[in-house]
Amino acid sequence: MTGPLTVAGKRGIIRRYLDQLPVSAATPIVTLDEGDTPLIFSERLSQETGAEVWLKYEGLNPTGSFKDRGMTMAISKALEEGSKVVVCASTGNTSASAAAYAGRAGMVCAVLIPEGNVALGKLAQALVHGARVLEVKGNFDQALELTKQMADEQPITLVNSVNPFRIEGQKTAAFEVVEALGRAPDLHVMPVGNAGNITAYWKGYREAIDLGWSDSLPAMFGFQADGANPIVTGSPIASPKTIATAIRIGNPASWSGATDAANDSGGRISSVRDKEILEAYRSLAAEGVFVELASAASVAGLRQMAAEKRIPPGATVVCVLTGHGLKDPDWAIAGAPRPLTVEASIGPILEHLDLA
Ligand code: F0G
């Protein structure tokens, strides 16, 4: 199907992209008006890299991450199929999103999270939206295996990105990028964990060509964290380690989706050090864009590409910022000076600010 991209004004990704998604009149649309997130021009990163750098700020989705695009689809389809219970394993964002959308649909949501490795804000979200939260004594990869087993043996729908409806919903972010730029970027840069999102963007960009919305494809660059980089090393990692807990994954479910995207587009899956993730996190925050650590892996990756002279001058680059910084306030506070306590009078205040 081809035609102009005239979807502005429709709320939620299912209504915006109805003809491009596997839904019908019988599908109850469970939505929180996700999607339509800003594509912010980065003056500083553009100057730094000699490219035209745009930030797709997915932290502005209803639950603060890109997961909502996939979850509106997964939960709508689960409801259509008569499912009453959904389950997911999560490093935090998937569970926050599943809990919110399942709550909205009146479904029970069970979540399995790796004990001690989920940011506080994400845990708060799953709890406040009424999910049944279980902390598993193991890592994300083990939790995902358990949820697959549960969905095989019980009348429960799995809403991790191995559920194809999740990928369908998430591909709409690529449509929005194409809509905002008028074409696909030259380079697309993003974090990789379980590898569902890079699979989804690549699908979205390819469909945008078939739809006549874009006449080019981007080269896809995905970044894992150094201690959790199985796709880079070529084999699963039993105990992945990184400060970016959202992408602390040793055996990505959509592994081949990530390698296909990189290989077929002339891009690459690479990894960045925790220190570089933290530096990118701070420099984005200094520019007014508050993201979580995992999201900053894309900008850390962009800098690595610039250092390796892999960015053609003037290239259009999109960096995906997958989640909001408020998800993980501990890191924000840890790296900042503590606020000073002052008397409630103007003199000491001006003095402390060096304005007296
Ligand atoms: N960025 C954030 C903020 C994430 O939460 C995730 C994944 C990724 C990037 C990586 O995306 O897995 O599609 O490659 N979080 C999952 C979760 C694993 O459970 O919330 P991916």
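Here, every reference points to the structure presented above.
Bear in mind that the values here come from a model prediction, so they are computed numbers and not experimental data. (Residues numbered from 1 in each chain as written. Predicted model: local features only at pLDDT ≥ 70, side-chain atom pairs only at ≥ 80, totals over all residues. Heavy atoms only, no water.)

Participant: With reference to specific residues and values, describe the sheet that holds strand β6 (residues 157-158).
Facilitator: Spatial strand order, β5-β4-β3-β6: 4 strands in an open sheet with parallel pairing. Only two strands of the sheet have a single partner each, and these edge strands are β5 (132-136) and β6. Of the pairings in the sheet, the one linking strand β3 (residues 85-89) to β6 comprises 2 bridges and is parallel in character. Of the residues in β6, the one forming a bridge with Val-86 is Thr-157. Sheet strands in contact with helix α6 (residues 140-153) are β3, β4 (108-114), β5 and β6, and its direction is about 155 degrees off that of β3. (Pairing = 2+ DSSP bridges. Helix = DSSP H or I, 4+ residues; strand = E, 2+ residues; numbered from the N terminus. Contact = heavy atoms within 4.5 Å. Axes fitted to C-alpha atoms, helices over the stretch in contact; angles between N-to-C directions.)

Participant: Give a detailed account of the sheet that holds strand β10 (residues 316-321), specifying residues and quantitative values.
Facilitator: The 6 strands are arranged β1-β2-β10-β7-β8-β9 in an open sheet whose pairing can be described as mixed. The open sheet has two free edges, formed respectively by β1 (39-41) and β9 (268-272), since each of these has just one partner strand. Ignoring which end each strand starts from, the neighbouring axes of this sheet average 25 degrees apart. Where strand β8 (residues 219-225) lies against β9, 5 bridges are found, and the strand directions are parallel. By the bridge assignment for β9, Phe-221 is matched with Arg-268.

Participant: A description of the packing of helix α12 (residues 274-286) against helix α13 (residues 293-307) should follow, citing residues and the corresponding values.
Facilitator: Contact geometry for α12 and α13: axes closest at 7 Å, N-to-C directions at 100 degrees. In terms of their interaxial angle, α12 and α13 are classed as roughly perpendicular. Between α12 and α13, the contacting residues are Glu-276, Ile-277, Leu-278, Glu-279, Ala-280, Tyr-281, Ser-283 and Leu-284 on the first element and Leu-293, Ala-296, Ala-297, Val-299, Ala-300 and Arg-303 on the second. The residue inventory of the contact of α12 with α13, partitioned by class, reads 10 nonpolar, 1 polar and 3 charged. (Parallel < 35°, antiparallel > 145°, perpendicular 65-115°, else oblique. Nonpolar A, V, L, I, M, F, W, Y, C, P; charged D, E, K, R; others polar.)

Participant: I'd like a rundown of a nonpolar patch on the surface, residues and numbers included.
Facilitator: Taken together, Leu-340, Val-342, Ile-346, Ile-349, Leu-350, Leu-353 and Leu-355 make up a surface patch of nonpolar side chains, about 650 Å² in accessible area. Within the secondary structure, Leu-340 sits in the loop between α14 (329-334) and α15 (346-352). (Patch = residues over 30% accessible without salt bridge, like charges linked within 9 Å, V, L, I, M, F, W, Y side chains within 5 Å. Areas by Shrake-Rupley, 256 points an atom, 1.4 Å probe, with all protein chains shown as cover. Salt bridge = Lys/Arg side-chain N within 4 Å of Asp/Glu carboxyl O.)

Participant: Please give an account of the packing of helix α8 (residues 172-181) against helix α9 (residues 196-210) that cites residues and values.
Facilitator: Where α8 meets α9, the axes come as close as 7 Å, and the angle between the chain directions of the two elements is 50 degrees. Considered as vectors, α8 and α9 are oriented oblique to each other. With respect to the hand of their crossing, α8 and α9 are arranged in right-handed fashion. Between α8 and α9, the contacting residues are Ala-173, Ala-174, Phe-175, Val-177 and Val-178 on the first element and Tyr-201, Gly-204, Tyr-205, Glu-207 and Ala-208 on the second. Split by residue class, the contact of α8 with α9 holds 8 nonpolar, 1 polar and 1 charged. (Left-handed = near helix turned anticlockwise from the far one by under 90°.)

Participant: Which residues make up the nonpolar core, and what are the values?
Facilitator: Leu-55 and Val-317 are the most contacted members of the largest nonpolar core, which has 35 residues in total. For this core, the secondary structure elements donating two or more residues are β2 (52-57), β7 (187-191), β8, α12, α13 and β10. Element by element, the count of residues in this core is highest for α13, at 8 residues. Each residue touching Val-317, except ones within four places of it in the same chain, is listed here: Ala-51, Glu-52, Val-53, Trp-54, Leu-187, Val-189, Leu-302 and Ile-311. Grouped together as the second largest cluster of nonpolar side chains are 33 residues, Ile-13, Ala-195, Ile-198 and Trp-213 included. (Core = buried A, V, L, I, M, F, W, Y, C linked by side-chain atoms within 4.5 Å. Buried < 20%, exposed > 50% of the residue type's maximum accessible area, 1.4 Å probe, protein only.)

Participant: Account for helix α3 (residues 67-80), naming residues and giving values.
Facilitator: Here α3 is 14 residues long and its end C-alpha atoms lie 20 Å apart, about the 20 Å a rise of 1.5 Å per residue gives. Within α3, 12 of the 14 residues are buried, which leaves the element mostly enclosed by the surrounding structure. What α3 keeps buried is the set Lys-67, Asp-68, Arg-69, Gly-70, Met-71, Thr-72, Met-73, Ala-74, Ile-75, Ser-76, Lys-77 and Ala-78. A positive backbone phi angle near 85 degrees is found at Gly-82, which sits one or two residues after α3. (Expected span 1.5 Å × (residues − 1).)

Participant: Outline the packing of aromatic side chains, listing residues and values.
Facilitator: Overall, the coordinates contain 6 aromatic pairs when judged by the stated rule. On the basis of an interplanar angle of 50 degrees and a centroid distance of 6.3 Å, the ring pair of Tyr-17 and Trp-213 is categorised as tilted. Linking Tyr-17 in the loop between α1 (13-16) and β1 with Trp-213 in the loop between α9 and β8, this pair joins segments that are 196 residues apart in sequence. By relative accessible area, which is 0% here, Tyr-17 ends up buried. Aromatic pair Phe-175 and Trp-213: ring centres 5.0 Å apart, planes at 85 degrees, arrangement edge-to-face. Of the two residues, Phe-175 sits in helix α8 while Trp-213 sits in the loop between α9 and β8, which places them 38 residues apart along the sequence. For the residue pair Phe-175 and Trp-213, the accessibility class agrees, reading buried in each case. (Phe/Tyr/Trp six-rings, centres within 6.5 Å; stacked < 30°, edge-to-face > 60°.)

Participant: For the state of the cysteines, give the residues involved together with the corresponding values.
Facilitator: Tallying each qualifying case throughout the model produces 0 disulfides. With no disulfide of its own, Cys-88 has Cys-109 as its nearest cysteine by sulfur position, at a separation of 5.3 Å. (Disulfide = S-S within 2.5 Å.)

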